[in-house]
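The lines below spell out each chain.
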2 protein chains.
Amino acid sequence: MTGFDNFFKSAFTVDNVIFGFDEGDLKVLLIKRGEEPHKGMWALPGYFVYPKEDLDTAANRVLEELTGLRNVFLEQVKTFGAVNRHPFGRVITVSYFSLIKIEDYSLQPASIARKAQWHSVAKVKELAFDHNDILSACFSRLKWLVRLRPVGFELLPPKFTLTELQHLYEAILETSLDKRNFRKKILSMNLLVDLNEWQEGVAHRPAKLYRFDPDKYHQFQAEGFNFELKESKRKERRSAGINP
Amino acid sequence: MTGFDNFFKSAFTVDNVIFGFDEGDLKVLLIKRGEEPHKGMWALPGYFVYPKEDLDTAANRVLEELTGLRNVFLEQVKTFGAVNRHPFGRVITVSYFSLIKIEDYSLQPASIARKAQWHSVAKVKELAFDHNDILSACFSRLKWLVRLRPVGFELLPPKFTLTELQHLYEAILETSLDKRNFRKKILSMNLLVDLNEWQEGVAHRPAKLYRFDPDKYHQFQAEGFNFELKESKRKERRSAGINP
DNA sequence: AAGAGAGGGTGTAAGATGTACACTATCTTG
DNA sequence: CAAGATAGTGTACATCTTACACCCTCTCTT
């Protein structure tokens, strides 16, 4: 080597913030640690990156081992490298966040997944390592992403109602939106296809179901849009809960 | 240890994309490599992170050693970890970008800085390692940041004209803007203070000088704004040049 | 079967913002 | 003093954003 040997003594990991949406609530998939360090605490799913493995590959591997899902939304967010963040030595971690449909996940319970559980993002308490910081960074990223790209749709089932979509935006943006203005805006984008089908089995007037138009969707993925709506003045604001 | 020894064999570095603005052109500070690998090629300034050093500290160190500057804008962007990106072994790099005033830099030429030189971002050719990708990622980040935060001012001298400010936006956004609309928009933000001073020594009618209002500036740093102006239809578009 | 409960669904007017566009003013230099 | 260079300025039109309230349709209960 060349005198740099002292630098080749660190390890790195990926940690994955997996978001899902259910019952009007934004959730994150956490794992109860079965081993030291931080045994028994909730943590983000993650693992060491293998010597011959790319970062994105590692993040995908962690995601797939846990959820059985491939080819879902996954994006690098930020790298955390505080000197003493891991008791085994110098370990820096590259954080990723992904968006999945909870219903897809629950169909494929993998082996590790037994220790995994969905937690409401707003109610997450103390996590292992610096995982609260990581969650917080990824949640912020999701928050701005949702204004610029149609990411929301990664989180909903194939058929959804406008109210479900609105609740998703409200959960991510931690705000409340005006129903009429929300509908006007989202429908004017030509992003949604009216399925002419209706909800079933609900104890009220059933809502119309929509899906998104894949062409328009990918166009917006690439070009972005500007989704701005002021908080509605009439309802109360939803509250955060991360790092209070 | 605990069976994880095999993972503690990698190294990590920081690489810093230092942007400056001069003569209507967005520049990046590059270093001609004096050693292998990639000896003789232009590269981003960077170095290994020391074993007891935080990532942000390392990035600041690299910046200060090169420019003599402290407390300037510096932000983490993305981590690159392709398996074979470095010939010495597994090295992942955390990229940062910073914004400095070129005039501040040129006052303090440090020792390493002898190999350093400003290059027009639009004309950068092949760089060492994967540094073209890193530059590209950081430039993209700057591009969206400039729409949401008043970062532009990190790059200009304390007193500047509206035309200089407009040229800065045009260089970053790679577009051209309508003069009247640009002025209307930027002045309506109450971000600028009219100094009642004028340019000197120019061969035409001198322009008024402005500075930014620090209170308003920090408010926008924290809250963000939405700087959108359509490309002017009258002039041609500036072109990019990165990864053509 | 009638009423209560629970969301679903709809339009408009006023204000704010964005866009397109062209000419005069003021300075230096030759 | 003319030419060259850039500074500086206003308006009309179109588009987008915001605030706001009521009736509709379904189920469930009694």
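Here's a quick rundown of the structure. (Residues numbered from 1 in each chain as written. Chains lettered and ligands numbered in written order. Predicted model: local features only at pLDDT ≥ 70, side-chain atom pairs only at ≥ 80, totals over all residues. Heavy atoms only, no water.)

Quick notes on the nonpolar core
Phase 1 of the analysis: Core analysis: the biggest nonpolar cluster contains 47 residues, and Val17(B), Phe19(B), Phe97(B), Leu142(B), Leu165(B) and Tyr169(B) have the highest contact counts within it.
Phase 2 of the analysis: Contributions of two or more residues to this core are made by strand S1 (11-22), strand S2 (25-32), strand S5 (73-80), strand S6 (91-99), helix H3 (131-148), helix H4 (162-173), helix H5 (179-188) and helix H6 (214-223) of chain B.
Phase 3 of the analysis: Residue contributions to this core peak at 8 residues, all from H3(B).
Phase 4 of the analysis: Among residues more than four places away in sequence, those in contact with Phe97(B) are Asn16(B), Val17(B), Phe19(B), Phe73(B), Leu74(B), Glu75(B), Val77(B), Cys138(B), Arg141(B), Leu142(B) and Leu145(B).
Phase 5 of the analysis: In this structure, Phe21(A), Val121(A), Phe225(A) and Phe227(A) belong to the second largest nonpolar core, which totals 46 residues. (Core = buried A, V, L, I, M, F, W, Y, C linked by side-chain atoms within 4.5 Å. Buried < 20%, exposed > 50% of the residue type's maximum accessible area, 1.4 Å probe, protein only. Helix = DSSP H or I, 4+ residues; strand = E, 2+ residues; numbered from the N terminus. Contact = heavy atoms within 4.5 Å.)

What to know about the packing of H3(B) against H4(B)
All names here are of chain B.
Phase 1 of the analysis: At a minimum axis separation of 9 Å, H3 and H4 run at an interaxial angle of 135°. It follows from the interaxial angle that H3 and H4 lie oblique. Between H3 and H4 lies a crossing whose hand is left-handed. Only Tyr-169, Ala-171, Ile-172 and Leu-173 of H4 make contact with H3, whose side of the interface consists of Phe-139, Leu-142, Lys-143, Val-146 and Arg-147.
Phase 2 of the analysis: The residue inventory of the contact of H3 with H4, partitioned by class, reads 7 nonpolar, no polar and 2 charged. (Axes fitted to C-alpha atoms, helices over the stretch in contact; angles between N-to-C directions. Parallel < 35°, antiparallel > 145°, perpendicular 65-115°, else oblique. Left-handed = near helix turned anticlockwise from the far one by under 90°. Nonpolar A, V, L, I, M, F, W, Y, C, P; charged D, E, K, R; others polar.)

Considering the interface of chain A and chain B
Much of the literature gives interface size as the accessible area that the parts lose upon coming together.
Phase 1 of the analysis: With 37 residues of chain A at the contact, the number on the chain B side is 37 residues.
Phase 2 of the analysis: Summing the contributions of chain A and of chain B, the shared interface buries around 3200 Å²; its carbon and sulfur component is 64%.
Phase 3 of the analysis: The three residues of chain A that bury the most area against chain B are Phe7(A), Phe8(A) and Phe88(A), which together make up 22% of that side's buried surface.
Phase 4 of the analysis: Taken together, chain A and chain B are joined by 0 salt bridges.
Phase 5 of the analysis: If you look at where chain A meets chain B, you find 14 residue pairs in polar contact (both at pLDDT 80 or more).
Phase 6 of the analysis: Mapped by element, the contributors of at least two residues to the side of chain A that touches chain B are strand S1 (11-22), strand S4 (46-48), strand S5 (73-80), strand S6 (91-99) and helix H3 (131-148) of chain A. (Buried area = accessible area lost by both parts, 1.4 Å probe. Salt bridge = Lys/Arg side-chain N within 4 Å of Asp/Glu carboxyl O. Polar contact = N/O pair within 3.5 Å; in protein donor to acceptor, adjacent residues only side chain to side chain.)

Looking at the relation of the copies chain A and chain B
Phase 1 of the analysis: Rotating chain A by 180° and translating it 0.0 Å along the rotation axis places it on chain B, where the RMSD comes to 0.0 Å. Here the copies are linked by what is in effect a two-fold axis.
Phase 2 of the analysis: A high fraction, 100%, of the interface residues of chain A reappear at the interface in chain B, so the copies pair face to face through one surface. (Least-squares fit on C-alpha atoms with pLDDT ≥ 70 in both.)

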